[in-house]
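Coordinates in review
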Amino acid sequence: MDAKSLHFDKTIKNWDEALPLGNGDLGCLIWNSADKLRFSLDKGGIWDCSNPPEDGENSTYTDIKNLVANKKQKKIQKKYDDCYSNPTPTKLPAGKLILNLGTDENIVSNLNLMTAEAELKVGEITVKSFIHANKNYGLISVNRHLAGIEIKNPKYGKVKKLSLKFSSKGTVQSLKNLHYPDCEFFSELDGDTEYRYFVRPINDGFYGIMTAVKYKDGKTLIAYTVDIGKDRSFVEKCKKNGCRGNLRRISKGI
């Protein structure tokens, strides 16, 4: 085994075996087939902090001991276990960027641990990617025009009722138990650069994935970022700090 790299001769089919990129805040897992090459994205600050469990009056170890001694099991459950029936507060996944390389052939994947650069090869197709060490963006370079580029937001439940309570077995939870307004998707052309992004409303703000796509000299160049805000102003910040100008970095080679 080469201690300086991770290498896979076969297409990575499971997310928990994916090539990992990240800087402690922005993260990415690269995996799946060549016609649905998935960049699963995440960012540390994306949380739904609504409906936090409150410290009840006299919520102490002594109180629990007294309730146990007096066989007040129902009161113990209501006072100390109800918080597990709420889907929030919780960490939220950002979403994913999916590339269609125009083939479903085998992918050979390599992660250089010294440069933190991922390289994937499918026949004559080469995909390179990395995430900046201390800035909120990642870059992708493909040595041909892609058949398709898609960004997707996680599938949450439909808004049906105001209550955040739900029934489950143990602490098993699902994104379906979170109810938000519909996600909005946008596509904007600025010269030879196309911005594709979504804005997802959540209970206490917004978040989204922003991509900037450019075709140059037969290559597809992509800069992406993920961010969150109390309002939609984070979109312009993503364009300026996460995407605009960073495509020039790819054109010089990554």
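Structure: see above.
As a starting point, this report considers the structure included with it. Note that the structure is a prediction, hence the values are computed from the model and not measured.

1. Overview of the packing of aromatic side chains
Summed over all chains, the structure comprises 4 aromatic pairs. Look at Phe-185 and Phe-198: their rings are 5.6 Å apart centre to centre, the planes differ by 55°, and that puts the pair in the tilted class. Here the residue Phe-185 occupies a position in strand β13 (residues 184–190), and Phe-198 occupies one in strand β14 (residues 193–202), the gap between them amounting to 13 residues. Here Phe-185 falls in the partly exposed class, since its relative accessible area comes to 48%. Between Phe-198 and Tyr-207, the ring centres sit 6.2 Å apart and the planes meet at 80°, which makes this aromatic pair edge-to-face.

2. Quick look at the sheet that holds strand β10 (residues 125–131)
Spatial ordering of the open sheet is given by β1-β8-β9-β10-β11-β16-β15-β14-β13, a layout of 9 strands whose pairing is antiparallel. Sheet topology places β1 (5–8) and β13 at the edges, where each strand pairs with a single neighbour. Geometrically, the sheet is characterised by an average inter-axis angle of 15° between neighbouring strands, direction not taken into account. Taken together, the 5 bridges between β10 and strand β11 (residues 138–142) define a ladder with antiparallel strand orientation. Following the sheet pairing, Ser-129 is matched in β11 by Ile-140. Helix-sheet contacts for helix α3 (residues 234–243) involve β13, β14, β15 (205–216) and β16 (219–229), and the interaxial angle to β16 is about 135°.

3. Focus: the side chain of Thr-225
Looking at the secondary structure, you find Thr-225 in strand β16. Classification of Thr-225 as buried rests on a relative accessible area of 1%. Within the structure, the side chain of Thr-225 is placed 2.5 Å from the backbone oxygen of Asn-136, a separation counted as a polar contact. Those residues within four positions of Thr-225 in sequence are excluded, and the remaining contacts are Asn-136, Tyr-137, Gly-208, Ile-209, Met-210, Cys-238, Gly-242 and Cys-243.

4. Quick word on unusual backbone geometry
Across the junction of Thr-88 and Pro-89, the peptide omega takes the value 5°, indicating a cis bond. Mapping Pro-89 onto the fold places it in the loop between α2 (73–81) and β6 (90–91). Within the chain, Asn-32 stands out as a residue other than glycine whose phi angle is a positive 90°. Its identity is not glycine, yet Asp-217 carries a phi of approximately 50°, on the positive side. Summarising the element assignment, Asp-217 is placed in the loop between β15 and β16.

Reading guide: rules and limits
- One numbering rule holds for all chains: residues counted from 1, following each sequence as written.
- Note on the predicted model: pLDDT of at least 70 is required for a residue's local features to be given, and 80 or more for side-chain atom pairs to be given and counted; whole-chain, interface and lining totals, by contrast, use all residues.
- Values shown for side chains rest on all heavy atoms present in the structure; no hydrogens or waters enter the calculation.
- Only centres within 6.5 Å qualify two rings of Phe, Tyr or Trp (six-membered ring in Trp) as a pair; their planes then separate them into stacked at under 30 degrees, edge-to-face at over 60, and tilted for everything else.
- Under the DSSP-based scheme used, a helix requires at least four consecutive residues in state H or I and a strand at least two consecutive residues in state E, with every element numbered from the N terminus.
- Here the term buried applies to any residue with accessible area under 20% of the maximum for its type, exposed to any over 50%, and partly exposed to those in between, with areas from a 1.4 Å probe on protein chains only.
- Pairing between two strands is assigned when DSSP locates at least 2 bridges connecting them.
- Each axis is a line fitted through C-alpha atoms, and for a helix only the stretch in contact is used; angles between axes span 0 to 180 degrees, taken between their N-to-C directions.
- For this analysis, residues touch if any pair of their heavy atoms sits within 4.5 Å.
- For the purposes of these results, a polar contact is taken to be a pair of N or O atoms within 3.5 Å, where, inside protein, one atom must be able to donate a hydrogen and its partner to accept one; residues adjacent in sequence count only when each atom of the pair is a side-chain atom.

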